[in-house]
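The lines below spell out each chain.
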Number of protein chains: 2
Amino acid sequence: MDWSGQRVLVTGGAGFLGANLCHALAGRGAKVTALDGFLFGGGANPTNLDGADVELVRGDIRDIDLRPLCEGAAVIFNLAAQTSHMGGQADPLADIAVNAVAQVRLIQAAREAAPDAIVVHASTRQFYGRVEKLPVDESQPVAPPDANGVSKFAGEQYWMLEHRVRQRPVVSLRLTNCYGPRLRIRDARQTFLGIWIRCVLEDKPFEVWGGEQLRDLTYVDDVTNAFLAAAETPSCHGGIYNIGGSPPASLHDLAELMVRLSGGKAHYTTREFPADRARIDIGSYHADDSAFRAASGWRPMTGLEEGIAKTLDWYRPRLKDYL
Amino acid sequence: MDWSGQRVLVTGGAGFLGANLCHALAGRGAKVTALDGFLFGGGANPTNLDGADVELVRGDIRDIDLRPLCEGAAVIFNLAAQTSHMGGQADPLADIAVNAVAQVRLIQAAREAAPDAIVVHASTRQFYGRVEKLPVDESQPVAPPDANGVSKFAGEQYWMLEHRVRQRPVVSLRLTNCYGPRLRIRDARQTFLGIWIRCVLEDKPFEVWGGEQLRDLTYVDDVTNAFLAAAETPSCHGGIYNIGGSPPASLHDLAELMVRLSGGKAHYTTREFPADRARIDIGSYHADDSAFRAASGWRPMTGLEEGIAKTLDWYRPRLKDYL
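Colleague: Sorry, what's going on with the environment of histidine 163 of chain A here?
Modeller: Residues and elements named next belong to chain A. Within the secondary structure layout, histidine 163 lies in helix H5 (residues 147–166). For the pair histidine 163 and glycine 239, spaced 76 residues apart in sequence, the C-alpha separation works out to 9.3 Å. Filtering out sequence-adjacent residues up to four positions away, histidine 163 remains in contact with Arg168, Pro169, Val170, His237 and Gly238. Among the polar contacts made by the side chain of histidine 163, one reaches the main-chain carbonyl oxygen of arginine 168 at a distance of 2.9 Å.

Structure below.
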């Protein structure tokens, strides 16, 4: 697909994944509009779009008029979301307002203003909940473990319904934990890895909760490539796909890798899961993403060690912008 | 369980299932508050509570202060919903506002005002979507076929989360098509059977769309007994249960039964599914409700022929109140 001159809307475009995608799209010559509400505690950071030829619109998907933003878009990459699990538990009304109700608003606006646009929706493995069998493919029953899982499933399903009832080309990518440049590292609101990275760079100990849980982290460039491939591959349209990353590693293994990559300077403590998080914890997860690999030709290219090293290197000169 | 003197809140209490439940509870001596928003096109009918010693509060679950209504309730039967499939497609924002967002409001109000109340939630088989294997048990993956299925699944899951995270005794009953006295029969907004009943009583032809689809209709007294049993059986609390009814019959069989029970006077035409409904049609369904039968001792007691006959008899002298 030739992105040059294509109008593209990226919701959540100043956030971690959205901003990386905007950089990639602008680099391919697309005319990119990034919409972001800069929600408190969210992943948006104004410096995330530094150096990208992107129009940033500050606006909340819950109330901004979305039609002018959709107008003429060939592709909508839909990443705006409330993504914090504890945030969803603390304020489920705000969580569903962004992740489900506002999705209906965007669907209705796109019907009017961009009836033919391809939509790639950022979904999540979260609503599979605590699974018994690994790896997890798309036939895994849905069992949301928290309010955020409930709202994100609803949002995805509205989009898939738009495909079934109105034939819009929609692809939903169910992402696992993602990491890399432009991740929120101020605290643990955007994966545990954010705060680990900050601690390592500040020479402070980080905390490992539990430690045996497996994760298949995806480096952000691989996520970006998955979004682009989803849009570019017509045979994917109408599909829901799990997206995995590096081979599964335990949180302890990850912690040891952080120590090694810091030249032995980083250190960490291990503690029990806090009770309020244990109740919504999903245990181990890794994706079976063979369906998306087969359909699109995509595969993750960045190994865990390489990805973590690149991430630490990227943040070192920019740390102050992310605290 | 001795219902005498127990404070009970029934949301959607002036609707079809809610009102029948209110009559049963009041008959057992419970102090019943029925909340109903009398949504346009919904199942509420002011005459539904005639003759029942029930306090009716007219108010919309989306904005009324729910805490005073929850205060002191031993049990909350939660039936308030937007239940129309085409209604959900036409106005998905109103649909999710009632079926999911307002559920969060009720959960939060109940935390404050009725922290120990048992909650029995009226859920639906709708979000199983189009299934391949019958009968359907609770392990069937969720695949909402329409906006109403999306919102109703979200609402149920918020309640089950309240059980898992805060240990509230919650039971969710996934109902199939229900029928009987106090059903909305003005039009087809509350199952196809409503408008069939009206047509039969008015000596007008009714329409059968398709005809081969199987349904396991539940007579309303059996639904009421399922709600009571769910509240009364502690081992059910925390569970999600399918509720079935009479043995599966095709829509054609049902139509023929209507003709027979009318003494041959009723007549019907068969037509193709309208295109807008075909896209969200679920095909055949009947429930495997053995889990709830085993847990609670409940079973449906009213056969289809008996139930339809009782329903027609009930409406004959009351038809004008339901047009």
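Having put the structure on the table, let's press on.
Colleague: When you look at the interface of chain B and chain A in this model, what are you seeing that I'm missing?
Modeller: Interfaces are frequently sized by the accessible area removed from exposure as the parts join. The partner chain A presents 26 residues to the 26 residues of chain B that form the contact. For the pair chain B and chain A, the interface holds 0 salt bridges. At the surface where chain B touches chain A, the tally comes to 4 residue pairs in polar contact (both at pLDDT 80 or more). Elements with a minimum of two residues in the side of chain B that touches chain A: helix H4 (92–113) and helix H5 (147–166) of chain B. A per-element tally of the side of chain B that touches chain A places H5 of chain B first, with 10 residues. In terms of residue class, the side of chain B that touches chain A is built from 17 nonpolar, 5 polar and 4 charged.

Colleague: Would you take a moment to explain the relation of the copies chain B and chain A for this structure?
Modeller: Applying a rotation about an axis and a shift along it to one chain copy brings it onto the other copy. Superposition of chain B onto chain A requires a rotation of 180° combined with a translation of 0.0 Å along the rotation axis, giving an RMSD of 0.0 Å. Put plainly, the chains are arranged around a two-fold axis. Ranked by how close their C-alpha atoms come to the rotation axis, the residues of chain B are headed by proline 141 of chain B, at 2.5 Å. A share of 100% of the interface residues of chain B reappears at the interface of chain A, consistent with the copies meeting face to face through the same patch.

Rules used throughout
Residues numbered from 1 in each chain as written. Chains lettered and ligands numbered in written order. Predicted model: local features only at pLDDT ≥ 70, side-chain atom pairs only at ≥ 80, totals over all residues. Heavy atoms only, no water. Helix = DSSP H or I, 4+ residues; strand = E, 2+ residues; numbered from the N terminus. Contact = heavy atoms within 4.5 Å. Polar contact = N/O pair within 3.5 Å; in protein donor to acceptor, adjacent residues only side chain to side chain. Salt bridge = Lys/Arg side-chain N within 4 Å of Asp/Glu carboxyl O. Nonpolar A, V, L, I, M, F, W, Y, C, P; charged D, E, K, R; others polar. Least-squares fit on C-alpha atoms with pLDDT ≥ 70 in both.

In short, geometric facts, not functional conclusions.
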